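Residue-level structure breakdown
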Amino acid sequence: DGIADNLDNCPTEPGLPKNNGCPDTDGDGMVDNLDKCPDQPGPVSNFGCPEVKKEVKERLEFATKAVQFEMGKNALKQESYPILDEIVAILREYPAYSLAITGHTDDIGPSDRNLQLSMDRAKACMDYLIFRGIDSERLLATGYGEEKPVATNRTAEGRELNRRVEFEMKIK
């Protein structure tokens, strides 16, 4: 690349002088050795990875309400499969991202049982995604039980909102 090895930050790879001798394969302004997505352009503020589109974030938010389970169990209801299939497609579109899956419950029943149920439900979603071909290394399931309510547990409507599984994309 024409840069002396003692001045080259990437002496074993051809690069540009403006990058101190390091390559920027996708041309996004972040050199490959620091870029978490060297083959896909993305802003430096996002570690060189493409940002998750607004509509994708909206679908993940919708999934929080759309993924349903049998009452008091971790068995997915059949109507949950289409939204989980959408999440599979999203993960395929964003290969540099992982997915955090968090389960939550209302406060009815013993806390330890709610904690286990929330974990089992998050894991049920994770297992479905793995079954559909997503690498388990990209997925993390966590249960919070009743610890993080989004509404009051004093009403049926509030309890329903608290019984949920959330999905959050993160750069690996």
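Residues numbered from 1 in each chain as written. Predicted model: local features only at pLDDT ≥ 70, side-chain atom pairs only at ≥ 80, totals over all residues. Heavy atoms only, no water.

1. Regarding unusual backbone geometry
Non-glycine residue N20 carries a positive phi angle of around 55 degrees. Relative to the helices and strands, N20 resides in the segment before α1 (54-66). Under the relative-accessibility criterion, N20 is labelled partly exposed at 42%. In this structure, F47 is a non-glycine residue whose phi angle is positive, near 60 degrees. Tracing the backbone shows F47 in the segment before α1. Classification of F47 as partly exposed rests on a relative accessible area of 44%. (Helix = DSSP H or I, 4+ residues; strand = E, 2+ residues; numbered from the N terminus. Buried < 20%, exposed > 50% of the residue type's maximum accessible area, 1.4 Å probe, protein only.)

2. Notes on the pairing of strand β1 (residues 97-104)
Two faces, one strand: in a regular strand the side chains alternate between the faces of the sheet. Here β1 lies mainly inside the structure; eight of its eight residues are buried. Both faces of β1 are covered, namely the face carrying Y97, L99, I101 and G103 and the face carrying S98, A100, T102 and H104. In the sheet, β1 pairs with strand β3 (residues 164-171) via eight bridges, with the strands oriented antiparallel. Opposite A100, over in β3, you have E168 as the bridge partner. When β1 meets strand β2 (residues 139-143), the two strands line up parallel, connected through five bridges. (Pairing = 2+ DSSP bridges.)

Don't take any of this as a statement about function, it's just geometry.
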